[in-house]
Amino acid sequence: MKDTIRVGLLGLGTVGTGVIEILHTNKESIKHKTGCEVKVTRALVHDIHKTRDLPGEAVQLTTNYEDITKDPEIDVVVEVMGGVEHTLNVLLEAIENKKHIVSANKDLVAEHGEILFDAAVRNETDLYYEASVAGGIPIIRSIVDGLSSDNIRKMMGIVNGTTNYILTKMSQDGSDFDDVLKEAQELGFAEADPTADVDGLDAARKMTILSILGFSMPTRLSDVKLKGIRGMSTSDIAYADKLGYTIKLIGIAEHDEKGITLSVEPSLLPKAHPLSSVNDEYNAVYVYGDAVGETMFYGPGAGKGPTATAIVSDLIAVVKNIRLGTNGNNYVHPQHDRLLKPKAKTYSKKYIRLHVLDQPGILLEITRIFADKDISFDQIIQQPSDSREERELMMITHSVNEEAFEKAMEALEQAASVRSVDSVFRVEGGND
């Protein structure tokens, strides 16, 4: 039985350095928990001559990934370099060489997870990816292990720290979207190219992973109804507040006998909802199961320490499996066939903000358009707009199916009295 597990690190940036630091700082504790020493022996880097201050024993650096994937002394490959297609090929080569994999790559797992898992099962190797969703929150392990005996019905959460930081600052300070985005980039909470974050793709990838695990169904990224927060108006945030709501970018996965629904979209949450108080760059995932009821997992969604902690926790799980001789058994193929719920059977409340002509009977005309589709309203607020000829309406519907709502919106946009439909968001919770 091995007394030392050797790790190859693909990537030595902020998170990769954090992994080495945790392994060094908690060396004795990890050895006690696993029964052996765990150390990084090689690391893939772009610039081999860059000065690095790494604790512990010297790590051999390389610019050739094959020095790691084909090294017979390396037991586990930890991937923190990002990327999709090239990284997929690198990890497949590592798996074919019987390396166990720990990854923080949500893009890769969401888009090519099935390929990787098939290869891991075939080669009797482990593939762990806790750090790919919600950083330091152990949500994947909680779903796969802690809640495995339950029937999960719904998962919803704030799974992107960048957008949550932006919406928090817009809500608290009344700042415009563009100004807060620039501030988030300067503070390192947002990338130079924030597209994946603000357009919701990052969150959609994470919800795809959670839905596969939580519902044991092979869902796809393309199954996620997607709408980001780009161009979010401070007016909507202020109106939501008046109506008793906060606005968050929420990922939702729901499952019943009719199928599943997946979405990532700006949503109005009642102020009393647990997710409403999750601010700044923090993440939280709310899970509802038949037996356990409601649970919520909260913590930092990204960053050096939280992400490295999740990676090393996965690494410890792999090492324990090596010691027990149980590698290659952590993946269970989805139990159910993919079944998406049709729009006609998918229900939620909706928030609509629009500008209409300031004329008698306009409100009656608007409500009649929705009544023709059997849609009624929970709240309606009207007030003057910047133009004397127009009024601004804010409306929250009762629960409505998506098919009927889409048809009503098509009719609304064609109405001569409607000058503009400015915002349409989902409303989560509240009384119908």
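First things first, this report covers the structure right here in the doc. (Residues numbered from 1 in each chain as written. Predicted model: local features only at pLDDT ≥ 70, side-chain atom pairs only at ≥ 80, totals over all residues. Heavy atoms only, no water.)

Bringing the packing of helix H1 (residues 14-25) against helix H12 (residues 304-324) into the picture now. Across the interface, H1 lies against H12 with an axial gap of 8 Å and an inter-helix angle of 60°. Taken together, the axis directions place H1 and H12 in an arrangement best described as oblique. Considering how the two elements wind past one another, H1 and H12 form a crossing that is right-handed. Taking contact as the criterion, the partners of Thr-14, Val-15, Thr-17, Gly-18, Val-19, Glu-21, Ile-22 and Leu-23 in H1 are, on H12, Lys-304, Gly-305, Thr-307, Ala-308, Thr-309, Ile-311, Val-312 and Leu-315. Of the residues assigned to the contact of H1 with H12, the class counts are eight nonpolar, six polar and two charged. (Axes fitted to C-alpha atoms, helices over the stretch in contact; angles between N-to-C directions. Helix = DSSP H or I, 4+ residues; strand = E, 2+ residues; numbered from the N terminus. Parallel < 35°, antiparallel > 145°, perpendicular 65-115°, else oblique. Left-handed = near helix turned anticlockwise from the far one by under 90°. Contact = heavy atoms within 4.5 Å. Nonpolar A, V, L, I, M, F, W, Y, C, P; charged D, E, K, R; others polar.)

Moving on, we come to unusual backbone geometry. One non-glycine residue, Ala-134, lies in positive phi territory at about 65°. By the secondary structure assignment, Ala-134 is in the loop between strand S6 (127-128) and helix H6 (139-146). Backbone geometry places Asp-374, a non-glycine residue, at a positive phi of 60°. Within the secondary structure layout, Asp-374 lies in the loop between helix H13 (362-371) and strand S14 (377-384).

Here the focus is the sheet that holds strand S2 (residues 37-44). The strand order S3-S2-S1-S4-S5-S6 describes an open sheet built from six strands, whose pairing is parallel. Edge positions in the sheet fall to strand S3 (60-62) and S6, since each of these pairs with one other strand and no more. Relative to S2, strand S1 (residues 4-10) is paired through seven bridges, and the arrangement is parallel. In the strand pairing of S2, Thr-4 is matched with Glu-37. Docked against the sheet, H12 engages S1, S2, strand S4 (76-79), strand S5 (100-103) and S6, running at close to 165° with respect to S5. (Pairing = 2+ DSSP bridges.)

Here Asn-105 shows up in the loop between S5 and helix H5 (106-123). A polar atom in the side chain of Asn-105 sits 3.3 Å from the backbone nitrogen of Asp-107. From its side chain, Asn-105 meets the backbone nitrogen of Leu-108 in a polar contact 2.9 Å long. Setting aside chain neighbours within four positions, we find Asn-105 in contact with Glu-79, Gly-82, Gly-83, Thr-87 and Ser-132. (Polar contact = N/O pair within 3.5 Å; in protein donor to acceptor, adjacent residues only side chain to side chain.)

Our focus in this paragraph is the pairing of strand S17 (residues 418-427). Bridge analysis of strand S10 (residues 259-270) against S17 gives two bridges, and the strand direction is parallel. By the bridge assignment, Ser-267 is partnered in S17 with Arg-426. Pairing between strand S13 (residues 347-357) and S17: eight bridges, direction antiparallel. Opposite Arg-353, over in S17, you have Ser-423 as the bridge partner.

Our next topic: the environment of Glu-28. Along the chain, the position of Glu-28 falls in helix H2 (residues 27-34). By relative accessible area, Glu-28 is classed as exposed at 57%. Taking the C-alpha atoms as reference points, Glu-28 and Val-38, ten residues apart in sequence, are found 9.8 Å from one another. (Buried < 20%, exposed > 50% of the residue type's maximum accessible area, 1.4 Å probe, protein only.)

The next subject is the environment of Ile-316. With respect to the secondary-structure elements, Ile-316 resides in helix H12. Ile-316 sits in the buried class, given a relative accessible area of 16%.

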